[in-house]
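One-letter residues, chain by chain:
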Amino acid sequence: MRHYFGGLHRGVERGLSTWGSQLKFYPAIKQLTLDLAADAFLGLPWGLEAQKINRAFVDMVQASVTVIRKPIVGTPMWRGMRGRKFLCEFFQQEIPNRRGGNGEDFFSQFCNARDDNGNYLSDQEVIDHMNFLMMAAHDTLTSSLTSAVYFLAANPHWLSWAMEEVDANAEISYDNLNDFLRLEMVFKEAMRLNPPVPVIPRRALKDFEFGGYAIPAGAMVSINTMLTHRLPELWDEPEAFNPERFSAENSRDRHRYTYVPYGGGAHMCLGLHFAYMQAKVFLHALLKARRPELKTGYEPDWARFPIPRPRDQLPLILQKR
Ligand code: HEM
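No experiment lies behind these values; they were computed from the predicted model shown.

Scoring rules and cut-offs
- Residues numbered from 1 in each chain as written.
- Predicted model: local features only at pLDDT ≥ 70, side-chain atom pairs only at ≥ 80, totals over all residues.
- Heavy atoms only, no water.
- Salt bridge = Lys/Arg side-chain N within 4 Å of Asp/Glu carboxyl O.
- Helix = DSSP H or I, 4+ residues; strand = E, 2+ residues; numbered from the N terminus.
- Buried < 20%, exposed > 50% of the residue type's maximum accessible area, 1.4 Å probe, protein only.
- 1 Å grid on protein atoms, 1.4 Å probe; cavity = no way out; pocket = protein on both sides within 12 Å on 5 of 7 lines; lining within 4 Å.
- Points joined across faces, edges and corners; volume = space filled by probe spheres on them.
- Nonpolar A, V, L, I, M, F, W, Y, C, P; charged D, E, K, R; others polar.

Undergrad: Where do I start with the pattern of salt bridges in this structure?
TA: Where charged atoms of side chains with opposite charge meet at close range, the side chains can pair. Under the counting rule described, the total for this entry stands at 17 salt bridges. Note that Asp59 is salt-bridged to Arg55, the shortest N-O span being 2.9 Å. Of the two residues, Asp59 and Arg55 are both situated in helix α3 (residues 48–64); the distance of 4 residues between them amounts to about one turn of the helix. When its relative accessible area of 47% is taken as the criterion, Arg55 is described as partly exposed. With a shortest N-O distance of 2.7 Å, Arg192 and Glu189 are connected by a salt bridge. Linking Arg192 with Glu189, this pair stays in helix α8 (residues 181–193), spanning 3 residues, or about one helical turn. By the burial criterion, Arg192 is buried, and Glu189 matches it. What you see here is one network of salt bridges that share partners, running through Glu94, Arg98 and Asp105.

Written out as structure tokens, the structure reads:
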């Protein structure tokens, strides 16, 4: 984690230095999280190769949610399959170069991981882990950071409250991450209202009853995170953005499945500490240098599924501080 912190910090500073005073936030943060992933996950420097991989990856993710499932030339499915082929070939040819090396990126770590018998993961297992990991990590962070910045810009009181914390701790390091309680509360509250994974699919292992309905073993059951996070019997004023819900005191008696942006149980998100770290590094760098604002009269228009994103790409004013 310490190693990844350094890469995230340098990458965020470099990315933000290129942002103007007005921009469409969603594509900008998407590009930034892709560039950060190329460093932390693949161990690649910024450049043409990383860009090609990012393009292939974006195409692959788009294909996973496209309606037309046949790879007809020119369709998202076709581009996605082409992207997946490119990625698989890239990983395949790089695996021998990473084995035996001491790279700290995720890819190198997978290449050098051994099972209880001392064997490496097969090439296909490494490739599958990498494709899954990049999908799990990238769009979720893009979506949650977009929501966090939107809610801050839309709520100047909470924006000033978060900025106070940044101003009191001008430098962020791996060792003082726990000092950024307000940034963490902002991020959590943004994910309460806009959970990046709005529905979590499961399958019933045995017959059970829920809310008067008999659910047979084997049935698909989806947990609706977005609905859970807005139930009035669980949350006061559920539609209001209020990061202080997540203060230690206010969280104390909350049932752990009231708030489930990272899922729960055996398959709960493995990357949540990485996500908090990236969110804090990003929000710290942004709020230290800029004040995000919305244009007067701005009306948000969120697409909620499959991952929350602003349909208008979230035009934002970034005032220099
Ligand atoms: C705000 C960011 C993120 C959110 C909201 C999120 C959310 C989730 C959710 C809902 C699941 C499914 C949990 C379940 O089925 O119960 C999951 C699984 C997973 N996530 Fe994340 N995730 C985020 C970031 C990341 C990052 C940054 C990484 C890697 C560095 C990551 C790696 C994984 C992995 C490996 C799994 C599969 C765990 C398993 O099946 O055992 N996630 N995530």
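Back to the write-up after that little detour.
Undergrad: Could you clarify how one ought to interpret empty space enclosed by the protein in this entry?
TA: Where empty space is left can be seen by rolling a probe of water-molecule size over the atoms. On inspection of all chains with the given rule, the structure shows 1 cavity of 30 Å³ or more. As a volume, the largest cavity reaches approximately 40 Å³. Around the largest cavity, the lining residues are Thr33, Leu36, Ala37, Phe41, Ala137, His138, Leu141, Phe274 and Gln278.

Undergrad: What exactly am I supposed to notice about the layout of surface pockets here?
TA: Space inside the largest pocket adds up to approximately 1600 Å³. Around the largest pocket, the lining is made up of 45 residues, and of these Met135, Ala136, Ala137, Thr140 and Val197 lie nearest the centre. When contributions to the lining of the largest pocket are tallied by element, the ones reaching two or more residues are α2 (25–40), α3, α5 (106–112), α6 (123–154), α8, β2 (199–203) and α11 (272–289). Of all the elements, α6 adds the most residues to the lining of the largest pocket, at 10 residues. Class assignment for the residues of the lining of the largest pocket results in 32 nonpolar, 9 polar and 4 charged.

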